[in-house]
Amino acid sequence: TYSKRVKKMGHRGFVGGTDPEAWYGIGKLQYHYLVSQGLKNDHVFLDIACGSLRLGQYLIPFLNNKCYYGLEGNDELIKKGLEQEFPIPDIIKIKEPKFESNYNFDLSFIDTFDFAIAQSLFTHLTIADIELCFKQVHAKMHKESRFYFTFFEGDSSNNPKTESDPNDGWFYNFETLNKTAKKNGLELEYIGDWGHPRNQKIICAKKQSTSH
């Protein structure tokens, strides 16, 4: 567990948001980007590695009730987010977001989704864990579902030789991610720049069409 690190760094610091501008700014960036891509309030949304609800603080009030699903390995982060990032606690009662805590991308708590995002998750994952994520996400997609994820673009040869770690950084090129996605029934569209302050690039994944 990473509970000691969360305690030491704080729930914002653990996900790299000690500076309020980084915390709110990256949450807003995701929110505005998703809305620009067609996210509506009646869509079912899956927030993968939702952390302390940096995006959730904007999306939960925006979406209809029971439309937000958050997956996070560390339930301590969810708890802190719910306690400290919602000035109007009643919004949680009204909107009834659903949360699940595990590290193996078990998405059994959701039937299917319209939109999903994994912001700054693949920047901390080995390719084996990215593959597991692709596989599990694919199982919950319908033909119109869209899954956006960010990554650090670069040379993988200097990546840590350890297991995935939320406080370490991994780099990938598009070809590697695309090959892994195809094996798991996904088609990737490279989008690239989307205004991220740390220069994380963004990709959109869809279910491969049956004509393939």
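The following paragraphs examine the structure supplied in this document. Here the structure is a predicted model, which is why all the values come from computation and not from measurement.

### Concerning helix H6 (residues 127-138)
Item 1. Relative to the 16 Å expected for 12 residues at 1.5 Å per residue, H6 spans 16 Å between its end C-alpha atoms, a close match to the ideal helical length.
Item 2. For H6, the elements touching its buried residues are strand E1 (45-48), strand E4 (113-118), strand E5 (141-153), strand E6 (171-172), helix H7 (174-183) and strand E7 (186-192).

### A closer look at the environment of Asp129
Item 1. Positionally, Asp129 belongs in helix H6.
Item 2. Leave out the neighbours within four places in its chain, and Asp129 touches Phe105 and Ser164.

### Examining the state of the cysteines
Item 1. Summed over all chains, the structure comprises zero disulfides.
Item 2. Here Cys67 stays unpaired: no disulfide links it, and the sulfur of Cys50, its closest cysteine neighbor, is 16 Å away.
Item 3. Just so you know, Cys204 is unpaired, no disulfide at all, and the nearest cysteine sulfur is the one on Cys133, 14 Å from it.
Item 4. Residue classification places Cys204 among the buried residues on the basis of a relative accessible area of 3%.

### What about the nonpolar core?
Item 1. One finds Leu46, Ile48, Phe122, Phe147 and Phe149 to be the most contacted residues of the largest nonpolar core, which totals 31 residues.
Item 2. When residues of this core are traced back to their parent elements, those giving at least two are E1, strand E2 (68-71), E4, H6, E5, H7, E7 and strand E8 (201-207).
Item 3. The residues contacting Leu46, other than those within four sequence positions of it, are Tyr69, Leu107, Phe109, Ile110, Phe113, Phe115, Ala116 and Ile117.
Item 4. Core analysis: the second largest hydrophobic core is formed by 23 residues, Leu29, Phe45, Phe115 and Ile117 among them.

### Examining the environment of Thr123
Item 1. In this fold, Thr123 is placed in the loop between E4 and H6.
Item 2. Overall, Thr123 belongs to the buried group, its relative accessible area being 0%.
Item 3. For Thr123, the residues in contact, after removing those within four places along its chain, are Thr150, Phe151, Phe152, Asp168, Gly169, Trp170 and Gln200.
Item 4. Side chain to side chain, Thr123 and Ser120 meet in a polar contact 3.3 Å long.

### Considerations on the side chain of Asn159
Item 1. Position of Asn159 among the secondary structure elements: in the loop between E5 and E6.
Item 2. What makes Asn159 buried here is its relative accessible area of 9%.
Item 3. For Asn159, the side chain forms a polar contact with the main-chain nitrogen of Phe171, separated by 2.7 Å.

### Side note on the packing of aromatic side chains
Any pair of aromatic rings gets described here by the distance separating the centres and the angle formed by the planes.
Item 1. For the structure on display, the rule yields 15 aromatic pairs.
Item 2. Here Phe122 and Phe149 contribute two aromatic rings whose centre-to-centre distance is 4.7 Å and whose plane-to-plane angle is 40 degrees, an arrangement assigned as tilted. In this pair, Phe122 is assigned in the loop between E4 and H6 and Phe149 in strand E5, connecting sequence segments 27 residues apart. One exposure class covers both Phe122 and Phe149, and it is buried.
Item 3. Between Phe152 and Phe171, the aromatic rings sit 5.2 Å apart at their centres with planes inclined by 25 degrees, giving stacked as the arrangement. Of the two residues, Phe152 sits in strand E5 while Phe171 sits in strand E6, which places them 19 residues apart along the sequence.

### Some points on the side chain of Thr126
Item 1. Residue placement: Thr126 occurs in the loop between E4 and H6.
Item 2. For Thr126, a relative accessible area of 17% gives the class buried.
Item 3. Among all residues touching Thr126, those that are not within four sequence positions of it are Thr162, Glu163, Ser164, Trp170 and Tyr172.

### Some points on the environment of Phe122
Item 1. Residue class for Phe122 comes out buried when judged on its relative accessible area of 0%.
Item 2. The contacts of Phe122, once residues within four sequence positions are left out, are Ile130, Cys133, Phe134, Phe147, Phe149, Thr150, Trp170 and Tyr172.

Parameters at a glance
Residues numbered from 1 in each chain as written. Predicted model: local features only at pLDDT ≥ 70, side-chain atom pairs only at ≥ 80, totals over all residues. Heavy atoms only, no water. Helix = DSSP H or I, 4+ residues; strand = E, 2+ residues; numbered from the N terminus. Expected span 1.5 Å × (residues − 1). Contact = heavy atoms within 4.5 Å. Disulfide = S-S within 2.5 Å. Buried < 20%, exposed > 50% of the residue type's maximum accessible area, 1.4 Å probe, protein only. Core = buried A, V, L, I, M, F, W, Y, C linked by side-chain atoms within 4.5 Å. Polar contact = N/O pair within 3.5 Å; in protein donor to acceptor, adjacent residues only side chain to side chain. Phe/Tyr/Trp six-rings, centres within 6.5 Å; stacked < 30°, edge-to-face > 60°.

Keep in mind these numbers describe shape, not what the thing actually does.
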